[in-house]
Every structure is written in C-alpha cells, then in structure tokens.
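Observations on the model geometry
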Amino acid sequence: MKDLGAAKQILGIRIIRERKERKLWLSQEYYIKRVLQRFQMENANAVSTPPSTPFKLSVKHNPSNEAEKAYMNRVPYASAVGSLMYAMVCTRPDIAHVVGTVSQFLSNLGREHWNAVKWILRYLHGTIDMKLCFGGDKPNLVGYLDSDIVGDIDSKKSTSGYLINFAEGVVAWKSRLQRCVALSTTEAKFIAITDACKELLWLKKFLQELGFRQDNYSLLVDSQSVIHLGKNPIFHSTSKHNDVRYHWICHALDAKLLALDKVHTDDNGADMMTKALPRRKFEVCCEIVGLAVISS
C-alpha cells in the first residue's frame, strides 16, 4: 500500500481544502464541462436560475403527430437527464426539483420537455464555478423541510423536499412526488416530514458513532399548523384521514429524538426543492445550503 496523501478527486468530484480557514469545497466543474460538450451546449447562452414558471411540464406536451414523434426519438433526452442526475446527486441540490420533474417524461417526451433539459444545461453553464462549501468552527446538524401543494399538473400530487445541513453545507437532500394526493398544504407538509425525519435521525446516529453530539436536533418547517399537528397525535376531524404511518413522527417527537421548529418561509432553504422560485429567493436558498460561485 502507498499513501497518496489527502484525496483531491473522486468519481468526478474535485475536493479543495483551505486548512487555514477550515474550509472544504466540492466541485464538479470538469464533469459539467464534459456534459456540456457532449450535448453541444458549451457555447449556449448561460442563465442564472433553473427553469421556472414557463416550464410547467405536463403529458399534454407529448408529441401530437408522427413527425414530431420521429424528431423526438432522435433527441438524446434520457442520456442528458442521466448526466444531470449524477451532478444533482453529488454536489448540485439546486437542480434537484427540475431534474426530478424532467425525469418523469423519459418514455414519452415532447419539445417542451427537451427545452427544459436544455435550460438546465444552460443554467449549469452559467454556474459552472458553483461549489458546495463546508466549514465553520461549530458544526451543527439541522434539517429544512418543505412541500408544495398539487405541484404535478397531471397526477395532482404534491412534491416533498428536504435538506440536511452539517458544518454549514448540505449533506443530504431529496425532492420527489408524494405517493398520495394531499388535500391541504398542512397535510402535504405533514406527509413530507416522515422522510426528512428518518434521514435526520440516521445522520444523528452516524455522527454520534463518530463522537459528535449536540444538545438539540431540529427539523425546521415554515408551517405552525404542521408543528402543532406533529406534537399532538390525536386524530382531529380535519386530519383523521391521514395514513397512520405518517403519525410515526408523533412518536419520534414524544421520545425527544428531534424537535420540530418554526422557520420563516424566507429562510427555508428547502423551498428550492419543491417549486420554481424568484431569482433572489433562489439565491438565498443556495446560500443556506452552502452553494457558492467561487473561482479556483
């Protein structure tokens, strides 16, 4: 065996350290460059945000005639979405929501779906220097949770999203459609709590095995009604239809495994995991999770 020193790159992820400032950055700049070249987007006009309201995708955008179907069959849609997924899974939570949306149309895609994928590539082109940053003297594990309501036009299902931060950078994230149709904003967010809670508790136990402990483990949500519902496991007339498995969070709260705390919606970084945002709010979310454009 040979000691090669501190790791500098692994699986296309570049690791940059600044020991004096106690900072660490993860970057996929070179990987993204290769993706842009592969799909001939390296000279495309860059944009500063992912697809927003105009790209509300639906099965209604599927090809309507044989000529359009033949054209779309030649489009490398699945390859592009797969390449975007790898960047999203490793270092780019900022594209998790839009990549999850475009991945729903792999089997029957239309021009609008392909335009959305190209917009994501243009966004990566404009933010190719963006890196995931970790640092801080007092690392703290904290979660952010959010959901939309009827975000999917076709199925009427809502989208759950969460972020788990540690050392001022995000270490776990997810954006996915819920398995059932929520009847209210409170129910949609209450459903989303379960996945976020399980992920936070897993990371809590993992860090405790490494010798790291903190006084309180918080899951932040921007809905006071959800917090009250989580702390009170009684089946109210307005919530008795919720699936029993979602009430697991009530037992976790009773056991003091974690706490549900209120965060202002302007400071909820998980918003970008569930919906399209204005540019300023999107930049705030990126700052919360530790994403920053830093030249190296």
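Above this text is the structure in question.
Please read all numbers here as calculations on a predicted model, not as lab measurements. Throughout this description, residue numbers start from 1 for each chain and increase along the sequence as written. In keeping with the model being predicted, local features are shown solely for residues with a pLDDT of at least 70 and side-chain atom pairs are shown and tallied solely at 80 or more, while totals for entire chains, interfaces and linings include all residues. Each side-chain value is worked out from all heavy atoms of the structure, with water and hydrogens disregarded.

Some points on the overall build of the protein
Only DSSP runs of H or I reaching four residues or more are called helices, and only runs of E reaching two or more are called strands; each is numbered from the N terminus. Counting its secondary structure elements, the protein contains 9 helices and 10 strands. Put simply, the radius of gyration uses C-alpha atoms, and a globule should come to 2.2 Å times the residue count raised to 0.38. Relative to the compact-globule value of 19 Å for 296 residues, the protein shows a C-alpha radius of gyration of 20 Å, a close match. In terms of overall dimensions, the protein has C-alpha extents of about 55 × 55 × 40 Å along its principal axes. To sort residues, take the accessible area from a 1.4 Å probe on protein chains only and compare it with the maximum for the residue type: under 20% means buried, over 50% means exposed, and anything in between is partly exposed. When the 296 residues of the protein are sorted by exposure, 50% land in the buried category. Across the protein, every contact between residues at least 6 apart in sequence was considered, and the portion connecting residues at least 24 apart equals 72%. The method behind every accessible area is Shrake-Rupley, applied with a 1.4 Å probe, and residues are considered shielded solely by the protein chains displayed. Taken as a whole, the protein presents about 15500 Å² of accessible surface, with 52% of it coming from carbon and sulfur. In what follows, a contact means two residues having at least one pair of non-hydrogen atoms within 4.5 Å.

Topic: the side chain of Thr-274
Relative to the helices and strands, Thr-274 is located in the loop between β9 (259–262) and α9 (279–289). Take Thr-274: its relative accessible area is 1%, and that puts it in the buried class. Throughout this description, a polar contact denotes any pair of N or O atoms lying within 3.5 Å of each other; where both atoms belong to protein, one of them has to be capable of donating a hydrogen while the other can accept it, and for residues adjacent in sequence the pair is counted only when both atoms sit in side chains. Within polar-contact distance, the side chain of Thr-274 engages the side chain of Asp-146 at 2.9 Å. If we skip the residues at most four places from it in the chain, Thr-274 touches His-97, Asp-146, Ser-147, Asp-148, Thr-159, Ser-160 and Gly-161.

A word on the packing of aromatic side chains
Geometry of aromatic contacts follows a simple scheme: Phe, Tyr and Trp rings, the Trp one being its six-membered ring, pair when their centres are within 6.5 Å, and the pair is stacked under 30 degrees between planes, edge-to-face over 60, tilted otherwise. With the rule as written, the count across this model stands at 5 aromatic pairs. Summarising the aromatic geometry, the rings of Tyr-77 and Trp-114 are spaced 6.3 Å apart at their centres and angled 55 degrees between planes, so their arrangement reads as tilted. Note that Tyr-77 is positioned in helix α3 (residues 77–90) and Trp-114 in helix α5 (residues 111–126), a separation of 37 residues in sequence. A single burial state applies to Tyr-77 and to Trp-114, both of which are buried. Arranged with centres 5.2 Å apart and planes meeting at 85 degrees, the rings of Phe-166 and Phe-212 form a pair that is edge-to-face. Here Phe-166, found in strand β6 (residues 159–166), pairs with Phe-212, found in the loop between α6 (185–209) and β8 (218–221); they are 46 residues apart in sequence, far enough to count as distant. Given a relative accessible area of 18%, Phe-166 falls into the buried group. Classification of Phe-212 as buried rests on a relative accessible area of 19%. Remark: a charge is flagged as sitting over a ring if the NZ atom of Lys or the CZ atom of Arg is within 6 Å of the ring centre and within 35 degrees of the ring normal. Looking at Arg-122, its charged tip hangs above the ring of Trp-119, at a distance of 5.0 Å from the centre.

Let's talk about the packing of α6 against helix α7 (residues 224–231)
Axis geometry follows a simple rule: fit a line to the C-alpha atoms, using only the stretch in contact for helices, then measure angles between N-to-C directions, giving values from 0 to 180 degrees. Viewed as axis vectors pointing N to C, α6 and α7 meet at an angle of 55 degrees, and their least axial separation amounts to 9 Å. In this view, α6 runs oblique relative to α7, as classed from their interaxial angle. Where α6 crosses over α7, the two elements pack in a sense that is right-handed. Note on element contacts: α7 touches α6 through Ser-225, Val-226, Leu-229 and Gly-230, opposite Thr-186, Lys-189, Phe-190 and Ile-193. Roughly parallel covers angles under 35 degrees, roughly antiparallel covers those over 145, roughly perpendicular covers 65 to 115, and oblique covers all other angles. Crossing handedness: left-handed means the near helix sits turned counterclockwise from the far one by under a right angle, and right-handed means the same turn made clockwise.

What about a nonpolar patch on the surface?
Residues enter a patch when their relative accessible area is above 30% and they make no salt bridge; the linking distance is 9 Å between like charges and 5 Å between nonpolar side chains (Val, Leu, Ile, Met, Phe, Trp, Tyr). Think of a salt bridge as a Lys or Arg side-chain nitrogen and an Asp or Glu carboxyl oxygen that are within 4 Å of each other. On the surface, Trp-202, Phe-206 and Leu-210 cluster together into a nonpolar patch covering about 360 Å² of accessible area. Here Phe-206 is to be found in helix α6. Residue classification places Phe-206 among the partly exposed residues on the basis of a relative accessible area of 38%.

Quick notes on α7
Those residues of α7 that fall on the buried side of the exposure criterion are Val-226, Ile-227, Leu-229 and Gly-230. Down the axis, α7 shows its buried residues gathered within 165 degrees of arc, on one side only. Turned more than 90 degrees from where α7 packs its buried face, His-228 and Lys-231 sit exposed. Contacts made by the buried residues of α7 are with α6, β8, α8 (248–254) and β9. In this description, the arc belongs to the directions extending from the helix axis to the C-beta atoms.

Here we look at the nonpolar core
What is meant by a nonpolar core is a set of buried Ala, Val, Leu, Ile, Met, Phe, Trp, Tyr and Cys residues, joined one to another through side-chain atoms within 4.5 Å. With 57 residues, the main nonpolar core has Tyr-77 and Val-117 as its most contacted residues. Residue contacts for Val-117: discarding those within four places in its chain leaves Tyr-77, Ala-80, Val-81, Leu-84 and Val-102. Ranked by size, the runner-up nonpolar core spans 29 residues in total, among them Ile-193, Leu-201, Leu-219 and Ala-252.

As for the pattern of salt bridges
One pass over the full model with this rule turns up 11 salt bridges. Residue Glu-66 is joined to Lys-69 by a salt bridge in which the shortest nitrogen-to-oxygen separation is 4.0 Å. Taken together, the residues span about one helical turn, with Glu-66 and Lys-69 both in helix α2 (residues 66–73) at a distance of 3 residues. The class of Lys-69 is partly exposed, set by a relative accessible area of 36%. Look at the salt bridges and you will find they share partners, linking Asp-146, Lys-189, Asp-222, Asp-271, Lys-275 and Lys-281 into a network.

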